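# A closer look at the structure
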Amino acid sequence: MNSANEMNVEFDSVAKNESFARVIVASFITSTNPTLEEVSDIKTAVSEAVTNAIIHGYEKGAGKIWIRTVVEDRSVYIEVRDKGIGIADVKQAMEPLFTTKPEEERSGMGFSFMEAFMDRLEVESAAGDGTVVKMWKEIGAPAPHYE
């Protein structure tokens, strides 16, 4: 009988912690026996979510980022939360190429990458209230078959 295994981590919203976030989540999910590609997908999605929190949520200022990861059997759930400025229009923010920081040469592809690399993505946010990015991935799921 498998039961859920959960990890919660809090860290400062500084760029050097983005790689830390990738590594701890990748390490935590090893019990699911993921492929290298699945690990890479999850690391990329976590990296994008944490980078968004640092650059957009806190506008590179001081703040905290929380990551919650739950593994149950071969299902992985990852939540990246900040208490930053929030997103006024989540639907617009999730549009490919949309960015609020063009002067920083941001590609506007963060949410698109998260959607591409994970099985499911939900974003909850409100201006002034922070953002929660929720991501799910089934490890060992068959690749989609396109004809």
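This part takes up the pattern of salt bridges. By the definition in use, this model includes eight salt bridges. In this structure, the salt-bridge partner of Asp12 is Lys64, at a minimum N-O distance of 2.6 Å. With Asp12 in strand S1 (residues 5–12) and Lys64 in strand S2 (residues 64–72), this residue pair connects regions lying 52 residues apart in the sequence. For Glu79, the salt bridge is made with Arg81, and the minimal N-O distance between the two is 3.1 Å. Classification of Arg81 by relative accessible area gives partly exposed; the value is 29%.

For Thr51, the location among the structural elements is in helix H2 (residues 36–57). Side-chain polar atoms of Thr51 contact the backbone oxygen of Ser47, separated by 2.8 Å.

Of all eight residues in strand S3 (residues 75–82), six are buried, a share of seventy percent or more. Bridge count for S2 against S3 is eight bridges, and the pairing is antiparallel. When the bridges of S3 are listed, Ile65 appears paired with Asp82. Counted along the chain from S2 to the antiparallel partner S3, the turn is two residues long, and its residue Asp73 has a positive phi close to 55°.

Right, let's get into H2. Helical geometry: 3.6 residues make up each α-helical turn, so side chains three or four residues apart lie on a common side. Between the first and last C-alpha of H2 there are 30 Å, a value that for 22 residues agrees with the 32 Å anticipated at 1.5 Å per step. Counting buried residues in H2 gives 16 out of 22 residues, a clear majority hidden from the surface. Immediately downstream of H2, the backbone of Glu59 shows phi near 45°, a positive value.

Here is what the cut-offs are and how they apply
- Residues numbered from 1 in each chain as written.
- Predicted model: local features only at pLDDT ≥ 70, side-chain atom pairs only at ≥ 80, totals over all residues.
- Heavy atoms only, no water.
- Salt bridge = Lys/Arg side-chain N within 4 Å of Asp/Glu carboxyl O.
- Helix = DSSP H or I, 4+ residues; strand = E, 2+ residues; numbered from the N terminus.
- Buried < 20%, exposed > 50% of the residue type's maximum accessible area, 1.4 Å probe, protein only.
- Polar contact = N/O pair within 3.5 Å; in protein donor to acceptor, adjacent residues only side chain to side chain.
- Pairing = 2+ DSSP bridges.
- Expected span 1.5 Å × (residues − 1).

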